[in-house]
Amino acid sequence: MNASPRVENELLPQFSTGREFAQDCDAADILAPYRKQFEIPRSQATGRELNYLCGHSLGLAPRAALDRVSEELSDWAQLGVAGHHTAARPWIDYAQNFTKGLQLLTGALPTEVVVMNSLTINLHLMMASFYRPVGMRDKVLIEAGAFSSDRHAVLGQLAWHKLDPHYTLVEMAPRAGEETLRIEDVEARITELGNELALVLWPGVQFRTGQAFDCARITRAAHAQGALVGFDMAHAIGNLPLALHAWDVDFAVWCSYKYLNAGPGAIGGCFVHEKHFASVPSRLSGWWGHDPQTRFQMLPEFRPATGAAGWAVSNPPIFSAAPLLASLEIFRNAGMDDLRAKSMRLTAYAERLLARRCGAQIHVITPAAPEERGAQLSLRIAGGPRRGRRIFDALGDKGIVCDWSEPDVIRVAPVPLYNRFVDVFGLVDELVEAMKEIP
């Protein structure tokens, strides 16, 4: 679906290709002050700020993150084991510090979200509870080209159940000649699988193409066939407004080091819809998922905590969780509605500027409709993968930080919390020069 001229004009009134337009957009940006709350990497050669457009891979460090980690280190040094109860943020209840922020970002009830583990571990924990192959209902539907760790996890679960993936793993590809999936085709495939479908595991935003999906429609289609639905929200949380509870999603998992800016290897998170709190037949349980009122009685039987917290396994890693506190505070202050509005303008500006200045040299494989993408644009360079890689390397030499997705895609993400319109202008400017130099 292409963006209509009306939508483009609403997002970018009085658009022009000059730097002055980008500067005017930045001057009018109500979110511009938030850039100062992040550490912007600098070139080791020149000392200048890099043009960082890689928040889809690793978000930048909130300046307050160092303070949050330092506070926990200080409490550890001064209090030792007593910090579990007497630290400024007692470690026993540390996970509760994230509830309100995650509730707002996911559109969940307070009991439906929990920080814990990492994304793939959480995916295994969720599939242990929600992938329930019974008789002919044993198939798992994923998108073709899913993030490799998700596919590995699914294959691991199928093997655990002694199921042959040749028959039980269904991978859905776009139509011939198309880059992205049509939502009506996803719905039709779910209907076609019918009572053979046990689980739909889908991304909120596809990592390679940047396509954002209508999670509510996918959920309704799956539930109509008696299947359960889980979402990998790694590229969606902090990127798009979410409403997991209202969409009736069964479960979701995510990491916190991309748009949530919590640092490399940061603690992940999980959503479980409240309707499953009393009905899940099994889970891979651990002591931190035990009812906190009796957790330290070390009872032999497992009594799950209320809500998503009952899926926790181990106590949270305090030092790697602390930066997320700083980031969630920024999100609460900025507001997802304003962030989404700026994000849509940034990607619309990037797409339009690329079209005007690069023409057929650049093919954007991310959907053109603003509601069908997040903060990311995925670009394919004319001339093949070898030329594309050389141009990508040339961008890096000019201080543009984006990433290369094999075999031939450059991914760029103007993140609304810290990226500017002049960053997008600088990217396109350097692309034009690189394409001239690398025929």
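See the structure printed just above.
A few points on the structure. Here, residues in each chain are numbered from 1, in the same order as that chain's written sequence. With pLDDT at 70 or above as the cut-off, local features in this predicted model cover only qualifying residues; side-chain atom pairs require 80 or more to be listed or tallied, and sums for whole chains, interfaces and linings still use all residues. Think of the side-chain values as coming from all heavy atoms in the structure, minus any hydrogens and water.

## Overview of the overall build of the chain
Under the convention used in this document: Under the scheme used here, helices are H or I runs from DSSP no shorter than 4 residues and strands are E runs no shorter than 2 residues, and both carry numbers assigned from the N terminus. For every residue, the accessible area (1.4 Å probe, protein chains only) is compared with the maximum for its type, and the residue is labelled buried under 20%, exposed over 50%, or partly exposed between those bounds. Residue contacts are defined here by distance: any two heavy atoms, one from each residue, within 4.5 Å place the two residues in contact. Charge counting treats Lys and Arg as positive and Asp and Glu as negative, with His and both chain ends excluded. Charge coordinates come from a single atom per side chain, which is NZ of Lys, CZ of Arg, CG of Asp or CD of Glu.
Per the secondary structure count, the chain includes 14 helices and 13 strands. By principal-axis analysis of the C-alpha atoms, the chain measures approximately 70 × 60 × 35 Å. Looking at the chain as a whole, 54% of its 439 residues qualify as buried. Counting contacts in the chain only where the partners sit at least 6 residues apart, residues at least 24 apart contribute 71% of the total. With 43 positive and 49 negative side-chain charges, the chain shows a spacing of 3 Å between the two charge centroids.

## Focus: a nonpolar patch on the surface
What counts here: Two distance rules govern patches: like charges are joined within 9 Å, and nonpolar side chains (Val, Leu, Ile, Met, Phe, Trp, Tyr) within 5 Å, applied only to residues with over 30% relative accessible area and no salt bridge. Residue exposure ignores everything except the shown protein chains as possible cover, and the areas themselves are Shrake-Rupley values with a 1.4 Å probe. Definition used for salt bridges: Asp or Glu carboxyl oxygen within 4 Å of a side-chain nitrogen of Lys or Arg.
On the surface, a nonpolar cluster with roughly 300 Å² of combined accessible area is contributed by Leu73, Trp76 and Phe319. Tracing the backbone shows Trp76 in helix α3 (residues 63-79).

## Considerations on the sheet that holds strand β13 (residues 409-412)
The strands making up a sheet are joined through hydrogen bonds of the backbone, oriented either antiparallel or parallel. For clarity, the cut-off: Strands pair, by our definition, only if DSSP identifies at least two bridges between them. Orientation is described by lines fitted to C-alpha atoms, with helices fitted over the stretch in contact, and by angles between N-to-C directions that extend from 0 to 180 degrees.
Ordered in space as β9-β10-β13-β12, the 4 strands form an open sheet in which the pairing is antiparallel. Looking at which strands have only one partner, the edges of the open sheet turn out to be β9 (362-364) and β12 (403-405). If you compare each strand with its neighbour and ignore which way they point, the axes differ by 35° on average. Bridge count for β9 against strand β10 (residues 377-381) is 3 bridges, and the pairing is antiparallel. Bridge pairing links Val364 to Leu379 in β10. The strands that helix α12 (residues 336-358) touches are β9 and β10; relative to β10, the one it contacts most, it runs at about 15°. Contacts from helix α13 (residues 385-397) reach β10, β12 and β13, with the element oriented near 165° to β12.

## Things to note about the nonpolar core
The criterion, for reference: Buried residues of nine kinds, namely Ala, Val, Leu, Ile, Met, Phe, Trp, Tyr and Cys, make up a nonpolar core once their side-chain atoms join them within 4.5 Å.
Counting 69 residues, the largest nonpolar core has Trp202 and Leu417 as its most contacted members. Counting residues per element, this core draws most heavily on helix α11 (residues 318-334), which supplies 9 residues. For Trp202, the contacting residues outside a window of four places in its chain are Leu141, Ile142, Glu143, Met172, Leu181, Val186, Phe213, Ile218, Gly230, Phe231 and Asp232. Listed in part, the 39 residues of the second largest apolar core include Phe21, Cys358, Ile410 and Phe421.

## Concerning the sheet that holds strand β6 (residues 228-232)
Within the open sheet, the 7 strands sit side by side as β2-β8-β7-β6-β5-β3-β4. Their pairing is mixed. Because the sheet does not close on itself, it has two edges, and the strands there are β2 (113-115) and β4 (169-172). Each neighbouring strand pair of the sheet contributes to a mean axis angle of 20°, computed without reference to strand direction. Across 3 bridges, the pairing between β6 and strand β7 (residues 251-254) is parallel. Its bridge partner being in β7, Asp232 is matched across the sheet by Val253. Sitting on the sheet, helix α6 (residues 119-130) is in contact with β5 (197-203), β6, β7 and β8 (269-272), with an inclination near 165° to β7.

## Description of the side chain of Arg373
To keep things clear, this is the line we draw: A 3.5 Å cut-off defines polar contacts: any pair of N or O atoms within that distance qualifies, except that in protein one atom must be a possible hydrogen donor and the other a possible acceptor, and neighbouring residues in sequence count only when both atoms are side-chain atoms.
Secondary-structure assignment places Arg373 in the loop between β9 and β10. The buried category is assigned to Arg373, whose relative accessible area is 1%. A polar contact of 3.0 Å, which involves the side chain of Arg373, links it to the side chain of Glu351. A polar atom in the side chain of Arg373 sits 3.1 Å from the backbone oxygen of Pro367. With residues near it in sequence (within four places) discarded, Arg373 still touches Gly210, Ala212, Leu240, Arg340, Thr347, Ala348, Glu351, Thr366, Pro367 and Ala368.

## Some points on helix α2 (residues 19-27)
Three or four residues apart is the spacing at which side chains of an α-helix point the same way, because the helix has 3.6 residues per turn. Stated precisely, the cut-off is as follows: An arc is given here, and it is the one of the directions from the helix axis to the C-beta atoms.
For α2, the complete set of buried residues consists of Phe21, Ala22, Cys25 and Asp26. The buried residues of α2 occupy one face: seen down the axis, they fall within an arc of 135°. The exposed residues of α2 that point more than 90 degrees off its buried face are Glu20, Asp24 and Ala27. Elements in contact with the buried residues of α2: α12 and α14 (421-437).

## Re the packing of aromatic side chains
The geometry of an aromatic ring pair comes down to the distance between the two centres and the angle between the two planes. This is how the line gets drawn: Pairing of aromatic side chains requires ring centres within 6.5 Å, counting the rings of Phe and Tyr and the six-membered ring of Trp. Pairs whose planes differ by under 30 degrees are stacked, by over 60 edge-to-face, and all others tilted. Sitting over a ring, as applied to charges here, requires NZ of Lys or CZ of Arg to be within 6 Å of the ring centre and within 35 degrees of the ring normal.
This structure, assessed with the given rule, holds 15 aromatic pairs. Judged by centre distance (5.7 Å) and plane angle (40°), the rings of Phe21 and Tyr349 are tilted. Of this pair, Phe21 sits in helix α2 while Tyr349 sits in helix α12, placing them 328 residues apart in sequence. An identical accessibility class is assigned to Phe21 and Tyr349; each is buried. Grouping aromatic residues by their ring pairs yields a cluster made of Phe15, Phe21, Tyr349 and Phe421. The ring centre of Trp288 lies 4.1 Å from the NZ or CZ of Arg295, which sits over that ring.

## Some words on the environment of Ile121
By the secondary structure assignment, Ile121 is in helix α6. Assessed through its relative accessible area of 44%, Ile121 is described here as partly exposed.

## A closer look at the environment of Cys402
Mapped onto the elements, Cys402 comes out in the loop between β11 (400-401) and β12. According to the relative accessible area criterion, Cys402 is buried, its value standing at 8%. Sequence spacing of Cys402 and Gly204 is 198 residues, and the spatial spacing of their C-alpha atoms is 21 Å. In this structure, Cys402 is in contact with Leu53, Cys54, Phe392, Leu395, Ile410, Arg411 and Val412, ignoring residues within four places of it in sequence.

## A closer look at the environment of Ala348
Checked against the element boundaries, Ala348 lands in helix α12. By relative accessible area, which is 8% here, Ala348 ends up buried. Separated by 74 residues in sequence, Ala348 and Glu274 have C-alpha atoms that sit 37 Å apart. Those residues within four positions of Ala348 in sequence are excluded, and the remaining contacts are Leu11, Leu12 and Arg373.

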